[in-house]
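Chain residues, written in single-letter form:
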Amino acid sequence: MIWYAPSDLTTARGCFAPEDPATPEALMLGAAPATVPQRARAASPLAQVRPGAPPFLLVHGDEDTLVACSHSEYLGAALEQAQVPAWLWQVTGADHGWCRLLDAQVEEIFNRSLAFARHLVTSRPGGRGGVRAKGCLVNDLRCGRGVAGDGGDRSPVPRG
């Protein structure tokens, strides 16, 4: 499960510039990502996608001003290509950290994310559940654009 996270530390997206030595990513890597491309690639979830990975729930605000939503879109597409079960839930009107959402909407994100994790842990022996509940796979990146809890989204996790 990934909430509004960067997935590629090698490519400029939104306000992220790999040449900037003052970004959180640069601080994590010890240098601007552009100056340590191998380290930046190794730290990028996008470069770690492999067939057989566990299912993913990607939740990202479509108005995120800190980490562009394209990070989740690209990661979702890579997971789909690797045939990894993945869902992209783009939350309409949400900025980074769920800013500009009502408390009830944030609570819905937390509850459905927890339900997703619980379903993975309990759905199959050994805890490796394949989430195939009602919802859309990432091959329809437009799925889940409804505001959390408005009934317009199509999360892999039933409400309740």
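Residues numbered from 1 in each chain as written. Predicted model: local features only at pLDDT ≥ 70, side-chain atom pairs only at ≥ 80, totals over all residues. Heavy atoms only, no water.

Peer 1: Help me out: how do you make sense of the overall build of the chain in this one?
Peer 2: Tallying secondary structure elements over the chain gives four helices and three strands in all. Across the chain, helices and strands are ordered from the amino to the carboxyl terminus as β-α-α-β-α-β-α. Counting over 160 residues, the chain shows a buried share of 45%. A separation of at least 24 residues holds for 63% of the contacts in the chain among residues at least 6 apart in sequence. (Helix = DSSP H or I, 4+ residues; strand = E, 2+ residues; numbered from the N terminus. Buried < 20%, exposed > 50% of the residue type's maximum accessible area, 1.4 Å probe, protein only. Contact = heavy atoms within 4.5 Å.)

Peer 1: Sorry, what's going on with the layout of surface pockets here?
Peer 2: In this approach, a probe sized like a water molecule rolls over the atoms, and the result shows the empty space that is left. Within this model, the largest pocket holds a volume of roughly 170 Å³. Looking at the largest pocket, the residues that line it are Pro-6, Asp-8, Leu-9, Cys-15, Phe-16, Thr-23, Pro-24, Glu-25, Leu-66, Val-67, His-71 and His-96. Counted by class, the lining of the largest pocket contains seven nonpolar, three polar and two charged residues. (1 Å grid on protein atoms, 1.4 Å probe; cavity = no way out; pocket = protein on both sides within 12 Å on 5 of 7 lines; lining within 4 Å. Points joined across faces, edges and corners; volume = space filled by probe spheres on them. Nonpolar A, V, L, I, M, F, W, Y, C, P; charged D, E, K, R; others polar.)

Peer 1: Help me out: how do you make sense of the sheet that holds strand S3 (residues 86–91) in this one?
Peer 2: Sheet strands pair by backbone hydrogen bonding; their relative direction is either parallel or antiparallel. Across the sheet, which stays open at both edges, the three strands sit in the order S1-S2-S3 with parallel pairing between neighbours. One side of each edge strand has no neighbouring strand; the edge strands of this open sheet are strand S1 (2–3) and S3. As paired strands, S1 and strand S2 (residues 56–61) are joined by two bridges and run parallel to one another. Within S2, the residue paired with Ile-2 across the bridge is Leu-58. Sheet strands touched by helix H3 (residues 70–81): S1, S2 and S3. Its angle to S2, the strand with the most contacts, is close to 160°. (Pairing = 2+ DSSP bridges. Axes fitted to C-alpha atoms, helices over the stretch in contact; angles between N-to-C directions.)

Peer 1: Can you help me understand the packing of aromatic side chains in this one?
Peer 2: The description of an aromatic ring pair uses the distance of the two centres, along with the angle that the planes make with each other. Evaluation of the coordinates by the stated rule reveals five aromatic pairs. For the pair Trp-3 and Tyr-4, a centre-to-centre distance of 6.4 Å together with 35° between the ring planes defines the contact as tilted. Here Trp-3 falls in the partly exposed class, since its relative accessible area comes to 23%. Ring plane angle 75° and centroid distance 6.1 Å describe the contact between Trp-87 and Phe-116, whose orientation is recorded as edge-to-face. (Phe/Tyr/Trp six-rings, centres within 6.5 Å; stacked < 30°, edge-to-face > 60°.)

Peer 1: How should I be thinking about the pattern of salt bridges in this particular structure?
Peer 2: Scanning the entire structure with this criterion turns up four salt bridges. Across the pair Asp-8 and Arg-13 runs a salt bridge whose closest N-O atoms are separated by 3.8 Å. The exposure class of Asp-8 is buried, given its relative accessible area of 7%. Taking relative accessible area as the criterion, Arg-13 reaches 10% and is therefore assigned buried. (Salt bridge = Lys/Arg side-chain N within 4 Å of Asp/Glu carboxyl O.)

Peer 1: Teacher, can you tell me more about the pairing of S3 here?
Peer 2: Within a regular strand, side chains alternate between the sheet's two faces. S3 sits mainly inside the fold: six of its six residues count as buried. Judged by which residues are buried, S3 turns out to be covered on both faces: Ala-86, Leu-88 and Gln-90 on one side and Trp-87, Trp-89 and Val-91 on the other are all buried. Bridge count for S2 against S3 is six bridges, and the pairing is parallel. Following the sheet pairing, Val-59 is matched in S3 by Trp-89. A crossover links S2 with its parallel partner S3, the connecting element being H3, and its sense is right-handed. (Right-handed = clockwise from strand over helix to strand, strands pointing away.)

Peer 1: Could you clarify how one ought to interpret the nonpolar core in this entry?
Peer 2: Across soluble globular proteins, nonpolar side chains show a tendency to be buried alongside one another. Grouped together as the largest cluster of nonpolar side chains are 13 residues, with contacts concentrated most on Val-59, Val-91, Trp-98, Leu-101 and Ile-109. When residues of this core are traced back to their parent elements, those giving at least two are S2, S3 and helix H4 (103–122). Among the elements that take part in this core, H4 stands out by supplying four residues, more than any other. When sequence neighbours within four positions are dropped, the list of residues in contact with Leu-101 reads Val-91, Thr-92, Ala-94, Val-106 and Ile-109. Of all hydrophobic cores here, the second largest spans 11 residues; its members include Phe-56, Leu-58, Leu-75 and Ala-78. (Core = buried A, V, L, I, M, F, W, Y, C linked by side-chain atoms within 4.5 Å.)

Any functional reading would require information that these geometric values do not contain.
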